[in-house]
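Residue-level structural notes
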Amino acid sequence: MAVNLLDFDLEGLTAFCDSLGEKRFRAVQLFRWIHQKGEADFERMSDLARALRGKLAGQAVVQGLPVLSEQASADGTVKWLFDVGAGNAVETVFIPEDDRGTLCVSSQAGCAVGCRFCSTGHQGFSRNLTTGEILAQLWHAEHQLRRRLGTTERVVSNVVMMGMGEPLQNYAALVPALRVMLDDHGYGLSRRRVTVSTSGVVPMIDRLRDDCPVALAVSLHAPTDALRDDLVPLNRKYPIAELLAACQRYLDAAPRDFVTFEYCMLDDVNDGDAEARELLRLVGDHGPVGRVPCKFNLIPFNPFPASGLTRSPAARVQAFAAVLSDGGVVTTVRKTRGDDIDAACGQLAGEVQDRTSARERLQRPVIPVRAAAHEHLPARAGTTERTR
Ligand code: SAH
Ligand code: SF4
């Protein structure tokens, strides 16, 4: 079977070229054709020797993913649904802004973590994506958008691993994909512009620090283990104090000097002032591991029927943000993009089969609902972030 060259980082491609009797600089040329020019046809790689083109055609392919659908939102957001076989699909979303273009990339078909507020989590886990399948999302988006915009300039300036799946549960495929994103002969993105978002796979946070430190976002969603155990089941394995300690260790090598904590705002579940104050304590000098340099990114929950959860009112989100900001922690509220095409967080790949049975879903633990009524504080300005 032909080898898919999208599966290789530059080191891997060099080894492959070596096996064909070719020198490293040939691998660099080939890598640039694939990732910088978006070329899949070896015959068109004009500066490669004819003999090499022939060898490549016999043994290798540059194989993207079949596109099942593409939707463009009124606000410029583009969402692709890619076929990954056996009835599975993954989604990729491009979010254009004035000063950047962010691509939200999937790492798995489904997800095994099973967070209560996430529709991917409710679908269950199908399989890990390969390095080639992760990169095919960027390769397709970058070059298709360039062709459409009639430019040879870079379109995707930032990648966030915030699509479907838990990237740190697909570590072996993730790291070579990140390397291609960062490689100057590949997409040449700076480490600060590539973000891995994780629900908190502690040992893999440590490995990422050693192998390929990029910006880190951690999906926190709760200030106590009792609540987080219920919202993010992985917390039962890696509780909050261990997760915070891993964040601190990560910062020793990270390209940014803070971790971003994502916090999905769920009405009457995790959105009270008391929870905000508890978060301040957690990341402050008197928290379980001492101070954790961080920012908070509050995500208004994107509802889906099976969740049984609702979005916090906007005024509640602002009040929660105000408690954190007043406590000295930079806090942004994520603006939802692509609402008209269901491209918002947690709504991805709604079309994919639900692999958990209705019975299993009913058996999940019930979230404790806070008894206290909301205090409705005035909304505050200045806490809106422009990324999704
Ligand atoms: N598995 C990784 C990355 C993918 S999810 C993680 O959990 O971090 C990307 C972000 O979207 C996470 O912060 C996740 O908690 C959030 N998210 C998931 N479902 C959501 C929903 N329905 N509404 C709002 N945010 C959601
Ligand atoms: Fe998986 Fe992230 Fe969704 Fe949780 S929020 S189920 S870790 S994709």
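Just above sits the structure.
Attention in this report is confined to the structure presented alongside it. These figures come from a predicted structure and were not determined experimentally. (Residues numbered from 1 in each chain as written. Chains lettered and ligands numbered in written order. Predicted model: local features only at pLDDT ≥ 70, side-chain atom pairs only at ≥ 80, totals over all residues. Heavy atoms only, no water.)

Right, let's get into the pairing of strand E10 (residues 194-198). Counted residue by residue, E10 has 5 buried out of 5 residues, so it is predominantly covered. Taking every second residue as pointing to the same face, both faces of E10 are buried, with Val194, Val196 and Thr198 on one and Thr195 and Ser197 on the other. Pairing of strand E9 (residues 158-161) with E10, which is carried by 3 bridges, proceeds in the parallel orientation. Residue pairing for E10: methionine 161 is matched across the bridge by valine 196. After leaving E9, the chain enters helix H6 (residues 171-182) and then returns to the sheet as E10, a path that is right-handed. Of the pairings in the sheet, the one linking E10 to strand E11 (residues 215-219) comprises 4 bridges and is parallel in character. (Buried < 20%, exposed > 50% of the residue type's maximum accessible area, 1.4 Å probe, protein only. Helix = DSSP H or I, 4+ residues; strand = E, 2+ residues; numbered from the N terminus. Pairing = 2+ DSSP bridges. Right-handed = clockwise from strand over helix to strand, strands pointing away.)

With that settled, consider helix H5 (residues 131-149). For H5, built from 19 residues, the straight-helix expectation of 27 Å at 1.5 Å per residue is met to within 8% by its first-to-last C-alpha distance of 27 Å. In terms of residue burial, H5 counts as a mostly covered element, since 16 of its 19 residues are buried. Positive backbone phi, at 65°, marks glycine 150, one or two positions downstream of H5. (Expected span 1.5 Å × (residues − 1).)

Turning next to the site of ligand 1. As a matter of local geometry, ligand 1 sits amid 20 residues, with Phe117, Gly165, Ser197, Ser219 and His221 nearest to it. Take serine 219: an N or O atom from its side chain is 2.6 Å from an oxygen atom of ligand 1. When ligand 1 is considered free in solution it has 530 Å² of accessible area, and contact with the protein chains removes 96% of it. Put simply, ligand 1 lies in the largest cavity. Elements supplying a minimum of two residues to the shell around ligand 1: E10, strand E12 (259-265) and strand E13 (294-300). Here the residues of the shell around ligand 1 are counted per class, giving 9 nonpolar, 9 polar and 2 charged. (Near = heavy atom within 4 Å. Polar contact = N/O pair within 3.5 Å; in protein donor to acceptor, adjacent residues only side chain to side chain. Areas by Shrake-Rupley, 256 points an atom, 1.4 Å probe, with all protein chains shown as cover. 1 Å grid on protein atoms, 1.4 Å probe; cavity = no way out; pocket = protein on both sides within 12 Å on 5 of 7 lines; lining within 4 Å. Sits in = over half its atoms within 2 Å of the grid points. Nonpolar A, V, L, I, M, F, W, Y, C, P; charged D, E, K, R; others polar.)

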